[in-house]
Amino acid sequence: MAPFERLKDYSRESITFTNRAVIAFVIVVLMMLVLIGRIYYLQVLEHERYTAISEENRVQLQPVAPRRGLIYDRNGALLADNRPHFSVTLLKEEVDDLDATLEKLGTLIELTPRDIERFHKRLQQRRRPYETVPLRFRLTEAEIARISLNYHRLPGVQVEADLIRYYPHGASLVHALGYVGRINERELQRVDEKNYAATHYIGKLGIEKFYEDLLHGQVGFQKVETNARGRILNVLERQDPVPGRDIQLSLDLRLQQFTESLLEGRRASVVAIEPSSGEILAMVSTPTYDPNLFVTGISSKDYNALRNSSDLPLFNRSLRGSYPPASTIKPVIALAALETGTITADKKIWDPGFYQINQNGRRYRDWKRWGHGWVDLDAAVAESCDVWFYEVGHKMGVEPMSRFLGMFGVGQDASLDQPEALRNFLPSNEWKEANWRQPWYPGDSVNLSIGQGFLVMTPLQMATSTAVMANRGRWVQPRMLQGVLDEQTGEPRPYAPMLNRKEKPADIELKEPKHWQQVIDSMVSVMHGPKGTGRRSGEGAPYTIAGKTGTAQVVGIAQDEEYDAEALAERHRDHALFVAFAPVDDPKIAVAVVVENGGGGSSTAAPVAREVMDAWLLGDYENDLEVD
């Protein structure tokens, strides 16, 4: 007999199905109501808010970098230009695997470990959303082509065009102009971040740094439409940036490059100033380096080569080189002696070849072993008689010498637009007490009288004091900016913030104005007198030169020893110095020359100055220096 089979209850199943269907329908209706409610909330109640959010996602305000102002010399020659260049950049928001992307790029273009390191540093800096980060600069056409062909494999990679600084004359002007480089985080904190929102470069040294506000310009903005990935689809609105102002400097490119040729192969500096205005005509420091290497970032190899060079090409000798001025300062000491009544111009002093403060004391030697005999002011300056200055320096003491040196710019930075210029210090009794915890000794005054001992000056300070002497005490402040070029006429206009940046030192008023002429006449005797130390360099000049030679010791020589340059290492030999201005009656140029370890100022530095003055005053740009 078959087992009992239960019959299906179709009525009950129908009821269960109906209940389930009703519950499902209710759930669907409730969900539809929720959806409709949400749609109503978003589309009606929150319509304005989400419209604004959508618009912000679609439309972005982007900064537009201004063009950097150009720099010209006094004759309109272009000294600093802007040139287009191409770089490869990455948009982080579009890069899925950064390391893989960098690896792929490395197969297409050369990427050094330094490039990768710098890229990661830039990636960590503050940036706007969807702002690209540069990876490598100065792409070649072949590299651009390879990247372009592989765009489909490199999401987030772009080749961008940009204007970068270019110095057409390379190393010729770097110590005068400075250079620009990639802006860093520390510099961003010092500037208006909004105005530098699209700027990658900033002035690092010299004129480029000092006049950054003028040269940079004002950032512009553009409203762009983008897709969901941040790519620009359309420019909706644009406010053009304000370009940086073009400026004209007092530098003369031809004179600058000619002066560099005179110093080739030497560690030296020349500063030439127009006495009537204080305009810097040439400022040369050798050896030098190419500033273009620094604009987009110098390689470690190139930078180490510059940094480790024993000739210090990175060092600006014109502004930061501190040298004993030696005998070049003697005209100022002579002026102080006359004004204080220590001596008169015709008073003669016996020079046996040495000077002693006490009868049995140390002998301060004259450069001429057997002395100059009886010497007055004119002969003392013309023949650079040390004993005459030992005598008057000892009698005057430090206070008058220090005071007059200060009036000629020693111990101060009087320049208007040279931010790297050193002040150095003004030796005095108080200065020595404060810095050495010692009193000022008579021997210190003896050394100071010939520009040795504690006294050091930069070539710019030497040229400045020479310009003040040429002006008979009228002070001019060295400056390199002639003016800002007018956008309509192209003519330079004075830039008031620079002219008023520093209070001008007081003009030098003498009790006896005739002392100016007496000292200047003695400087003329240096160049044109029968026994003047610079007579060989002054020979045949169609204009009158007032000058002073100088030779600064680098290492000390014992009293009973003679200086023998051949026995010394080259870097232990004396520095050669020379200062001059010309023409005497209407000075057009004042020059200071320092040649490190060059030996005598009359044999090495004075001929360089003569060539510079001939070039400026006569238009003679032929290098007639004798090659050793």
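Reading guide: rules and limits
The residue numbering used here restarts from 1 in each chain and proceeds along that chain's sequence as written. This being a predicted model, a pLDDT of at least 70 is required before a residue's local features are given, and a value of 80 or more before pairs of side-chain atoms are given or counted; all residues contribute to the totals for chains, interfaces and linings. In computing side-chain properties, one takes all heavy atoms of the structure into account and sets aside hydrogens as well as water. As used here, the term nonpolar core means buried Ala, Val, Leu, Ile, Met, Phe, Trp, Tyr and Cys residues forming a set that is joined through side-chain atoms within 4.5 Å. A 1.4 Å probe rolled over the protein chains alone gives each residue an accessible area, and that area as a share of the maximum for its type sets the label: buried under 20%, exposed over 50%, partly exposed in between. In this analysis, two residues are considered to be in contact whenever any of their non-hydrogen atoms come within 4.5 Å of each other. Numbering of helices and strands runs from the N terminus, with a helix taken as a DSSP run of H or I at least four residues long and a strand as a DSSP run of E at least two residues long. Polar contacts, as used here, are pairs of N or O atoms within 3.5 Å; protein pairs need one atom able to donate a hydrogen and one able to accept it. Residues neighboring in sequence count only if both atoms are side-chain atoms. UniProt positions are given in the numbering used here, feature names are shortened, and annotations may be inferred rather than shown by experiment. The rule is short: rings of Phe, Tyr and Trp, with Trp giving its six-membered ring, pair when the centres are within 6.5 Å, and they are stacked under 30 degrees, edge-to-face over 60, tilted in between. Counting as a charge over the ring demands two things of the Lys NZ or Arg CZ atom: a distance within 6 Å of the ring centre and an angle within 35 degrees of the ring normal. Interaxial angles span 0 to 180 degrees and are taken between N-to-C directions of axes, which are lines fitted to C-alpha atoms, for helices over the stretch in contact. By the definition adopted for this analysis, an angle is roughly parallel if under 35 degrees, roughly antiparallel if over 145, roughly perpendicular if from 65 to 115, and oblique otherwise. Should the near helix be turned counterclockwise from the far one by less than a right angle, the crossing is left-handed, whereas a clockwise turn marks it as right-handed. Residue classes follow a fixed rule: Ala, Val, Leu, Ile, Met, Phe, Trp, Tyr, Cys and Pro count as nonpolar, while Asp, Glu, Lys and Arg count as charged, and any other residue, Gly among them, counts as polar.

> Quick one: what's the story with the nonpolar core, residue by residue and with numbers?
Among soluble globular proteins, nonpolar side chains are generally buried collectively. With 134 residues, the main nonpolar core has Ile 247, Leu 249 and Trp 388 as its most contacted residues. Leaving out residues up to four positions away in the same chain, Trp 388 has contacts with Ala 334, Ile 343, Lys 347, Ile 349, Val 375, Asp 376, Leu 377 and Ala 380.

> Please provide a residue-by-residue account of the side chain of Ser 269, values included.
With respect to the secondary-structure elements, Ser 269 resides in strand β11 (residues 268–273). Side-chain polar atoms of Ser 269 contact the side chain of Ser 318, separated by 2.7 Å. Look past the residues within four positions of Ser 269 in its chain and what remains in contact with it is Leu 263, Val 284, Ser 285, Arg 317, Ser 318, Pro 459, Ala 592, Val 593 and Val 594.

> Hey, could you go over the UniProt feature "active site" (unreviewed entry) in the chain for me, with residue numbers and the actual values?
As annotated in UniProt, the feature "active site" (unreviewed entry) corresponds to Ser 327 in the numbering used here. Taking relative accessible area as the criterion, Ser 327 reaches 9% and is therefore assigned buried. In contact with Ser 327, not counting residues within four places along its chain, are Ser 384, Asp 386, Ile 450, Lys 548, Thr 549 and Gly 550.

> Could you give me a rundown of unusual backbone geometry, with the residues and numbers involved?
Of the consecutive residues Thr 286 and Pro 287, the connecting peptide bond is found in the cis state with omega at 0°. Tracing the sequence through the fold places Pro 287 in the loop between β12 (280–286) and α11 (292–295). Going from Ala 582 to Pro 583, the amide bond is cis rather than trans, its omega being -20°. Along the chain, the position of Pro 583 falls in the loop between β20 (575–582) and β21 (589–595). Of note, the phi angle at Arg 138 is positive, near 55°, even though the residue is not glycine. Counting through the fold element by element, Arg 138 comes out in the loop between β4 (133–136) and α5 (141–149). Residue Arg 138 is classed as partly exposed on the basis of its relative accessible area of 38%. Phi is positive for Arg 437, close to 55°, though the residue is something other than glycine. Looking at where Arg 437 falls in the secondary structure, it is placed in the loop between α18 (429–436) and α19 (442–449). Judged by its relative accessible area of 66%, Arg 437 is exposed.

> Which residues make up the packing of aromatic side chains, and what values do they have?
Scanning the entire structure with this criterion turns up 16 aromatic pairs. Ring centres of Trp 440 and Phe 454 lie 5.8 Å apart, and the angle between their planes is 50°; on these two criteria the pair is classed as tilted. Within this pair, whereas Trp 440 is found in the loop between α18 and α19, its partner Phe 454 is found in the loop between α19 and α20 (459–470), the two being separated by 14 residues in sequence. Neither Trp 440 nor Phe 454 differs from the other in exposure class; each is buried. Chaining the aromatic ring pairs together yields one cluster made of Phe 425, Trp 431, Trp 436, Trp 440 and Phe 454. Above the face of the Tyr 621 ring, Arg 254 is positioned so that its terminal group lies 3.9 Å from the ring centre. Above the ring of Phe 354, the side-chain terminus of Arg 363 is found at 3.9 Å from the ring centroid.

> Break down the packing of helix α16 (residues 386–396) against α19 for me, with residues and values.
Two numbers describe how α16 lies on α19: the axes approach to 8 Å, and their chain directions differ by 135°. Between α16 and α19, the angle is such that the two are oblique. Handedness of the crossing formed by α16 with α19: right-handed. Facing α16, whose interface residues are Phe 389, Tyr 390, Gly 393 and His 394, α19 presents Pro 442, Ser 445, Val 446 and Ser 449. When its residues are assigned to classes, the contact of α16 with α19 shows four nonpolar, four polar and no charged.

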